Amino acid sequence: MSHGFDTRAIHAGQPPEPRTGAVIPPIYQTSTYAQEAVGSPRLGYEYSRSANPTRDALQECLAALEGGARGLAFASGLAASDALLRTVCRPGDHVVIPDDAYGGTYRLFAKVLQRWGLEWSAAPVADPAAVRAAVTPQTKVIWVETPTNPLLGIADLAALAEVAQVAGALLVVDNTFASPYLQQPLALGADVVVHSTTKYLGGHSDVVGGAVVTADAGLGDEVAFHQNAMGAVAGPFDAWLTLRGIKTLGVRMDRHCDNAERIVDFLVEHPKVSNVRYPGLPQHPGHKVAAGQMRRYGGMVSFEVVGGEAAAVQVCERTEVFLLAESLGGVESLIEHPGQMTHASAAGSALEVPGDLVRLSVGIETVDDLVADLDQALR
Ligand SMILES: *Cc1c(COP(=O)(O)O)cnc(C)c1O
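Position numbers for residues count from 1 along each chain, tracking the sequence in the order it is written. Side-chain atom pairs in this predicted model are given and counted only at pLDDT of 80 or more, local residue features only at pLDDT of at least 70, and totals for whole chains, interfaces and linings cover all residues. For the side-chain quantities, the full set of heavy atoms in the structure was used; hydrogens and water were omitted.

Going by the annotation in an unreviewed UniProt entry, the name recorded for the chain is Cystathionine gamma-synthase, with Natronosporangium hydrolyticum given as the source organism. Taken verbatim from the UniProt record of the chain, the Sequence similarities (unreviewed entry) comment is "Belongs to the trans-sulfuration enzymes family." UniProt positions are given in the numbering used here, feature names are shortened, and annotations may be inferred rather than shown by experiment.

**Thoughts on the sheet that holds strand β6 (residues 192-196)**
Note on pairing: two strands pair once DSSP finds at least 2 bridges between them. Secondary structure counts use DSSP, requiring at least four H or I residues in a row for a helix and at least two E residues in a row for a strand, with both numbered from the N terminus. Read from one edge to the other, the open sheet built from seven strands follows the order β1-β7-β6-β5-β4-β2-β3, with strand pairing classed as mixed. Unpaired on one side and paired on the other, β1 (70-74) and β3 (119-123) mark the two borders of the sheet. Looking at each pair of strands side by side, their axes are set apart by 20 degrees on average, direction ignored. Of the pairings in the sheet, the one linking strand β2 (residues 94-98) to β3 comprises five bridges and is parallel in character. By the bridge assignment, Val 95 is partnered in β3 with Trp 120. Structural elements are reduced to axes, namely lines fitted to C-alpha atoms, with helices fitted over the stretch in contact, and the angle between N-to-C directions of any two is expressed from 0 to 180 degrees.

**Digging into the UniProt feature "modified residue: N6-(pyridoxal phosphate)lysine" (unreviewed entry) in the chain**
Mapped onto the present numbering, the UniProt feature "modified residue: N6-(pyridoxal phosphate)lysine" (unreviewed entry) falls at Lys 199. Of note, Lys 199 is situated in the loop between β6 and β7 (210-214). Given the relative accessible area of 8%, Lys 199 is considered buried. Contacts of Lys 199, omitting those with residues within four sequence positions, involve Thr 176, Ser 327, Leu 328 and Gly 329. Relative accessibility under 20% of the residue-type maximum defines a buried residue, over 50% an exposed one, and the middle range a partly exposed one, all with a 1.4 Å probe and only protein chains included. Any two residues having at least one pair of non-hydrogen atoms within 4.5 Å are treated as being in contact.

**Some points on the pattern of salt bridges**
We count a salt bridge whenever a side-chain nitrogen from Lys or Arg sits within 4 Å of a carboxyl oxygen from Asp or Glu. Per the counting criterion, the structure on display carries eleven salt bridges. One salt bridge connects Asp 93 with Lys 140, and the closest N-O pair in it is separated by 3.2 Å. One end of the pair, Asp 93, is in the loop between α3 (77-88) and β2; the other, Lys 140, is in strand β4 (residues 139-145), and 47 residues separate them in sequence. Assessed through its relative accessible area of 8%, Asp 93 is described here as buried. Linking Arg 296 and Asp 258 is a salt bridge whose minimum nitrogen-to-oxygen distance equals 2.7 Å. Linking Arg 296 in the loop between α11 (287-293) and β9 (300-305) with Asp 258 in helix α10 (residues 249-268), this pair joins segments that are 38 residues apart in sequence. The exposure class assigned to Arg 296 is buried, which follows from its relative accessible area of 18%. The structure contains a network of salt bridges with shared partners spanning Asp 254, Asp 258, Glu 261 and Arg 296.

**A look at the nonpolar core**
Leu 171, Ile 263, Leu 267, Val 301, Phe 303 and Leu 360 are the most contacted members of the largest nonpolar core, which has 77 residues in total. Take this core: its biggest share by element is eight residues, from α10. Just so you know, the domain bounds were taken from an automatic or database domain assignment. Here this core spans two domains, and each of domain 1 (5-246) and domain 2 (250-378) adds at least three residues to it. Sequence-distant contacts of Phe 303, that is, excluding residues within four places in its chain, are made with Leu 267, Val 273, Asn 275, Val 276, Val 315, Asp 356, Leu 357, Val 358, Leu 360 and Leu 378. The term nonpolar core refers to a set of buried residues drawn from Ala, Val, Leu, Ile, Met, Phe, Trp, Tyr and Cys, joined through side-chain atoms within 4.5 Å. Among the nonpolar cores identified, the runner-up in size contains 29 residues, and Leu 85, Val 95, Ala 110 and Val 192 belong to it.

Below is the structure:
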């Protein structure tokens, strides 16, 4: 019998350590392992780029949380994306990416992989027909974020899985914003999930990491080969911090959602706010799809400020509890101006974001303090 999500978050890949019964996996802070005889590593461990028990525990846990065959942990979310793309794509292949992709993902395609002969085009992933129209005979991957960053658009994963299947392409879902607690892309037909574990999975803004989880074991083995061959692995302490964060993922996500819902109610009524983007709002264009594929709507909220870019920048600089910082998904609330911060690399491109946009990563502090802080910053 398969256990529930929170049981898996706490136990998957982490049986008590056999020698002492330690209930938490040790940090195997070692680069190499003494062998019994030439060519006979114990339990397959010979060198920590190839395998490390702390990383293995995290990888098993990640696979269990996403319902995948294989999980692989990397040094960052972008290292995970890079390893996956270089596993499944060759020069001349084509990838469809979201027209409001995470800035770093856009930069990886436009400034790095394009030079190695990978073609890409951007499409609005909220519209499956537009994604189908962007597919070419060379398309190997349809890359999707949902909710998208920072505009919080929603992609219909079951519909896109069909588009990918007809195209003979892989559907890859960046599940960073939702986390596996709120959304299970593999169950909806996706082939691969990628994460920046830096965000909700780690959850405490104290570690940078990434993950790939594949539905298919054979594809997982190919990515594992590249993980070792390319070398951007998660270190043992980083893996341990991420495992520690994951244990509370479910309770944290519920509080992130509770707080985000209260803040959305406040912003929607505020005269200085011209538009609120949150998939939980009934008037959000992706609300119905989100309701069908997400448990709740997450901790990310974006809004547009009356008075344009200058006013938006001012709000970001005036908050006190919300810290002005990039990144997201930690227990503390963060505020940022995507146009000049996370998405500055997309300026002048089709992926440029509105100047009056503010993005919140709603933390798990006392929600009255968060509302009061936004109220004084908007005044
Ligand atoms: C942060 C982020 C990434 C990149 O992850 P890093 O850990 O910073 O390399 C990718 N996708 C999304 C949606 C992100 O928020």
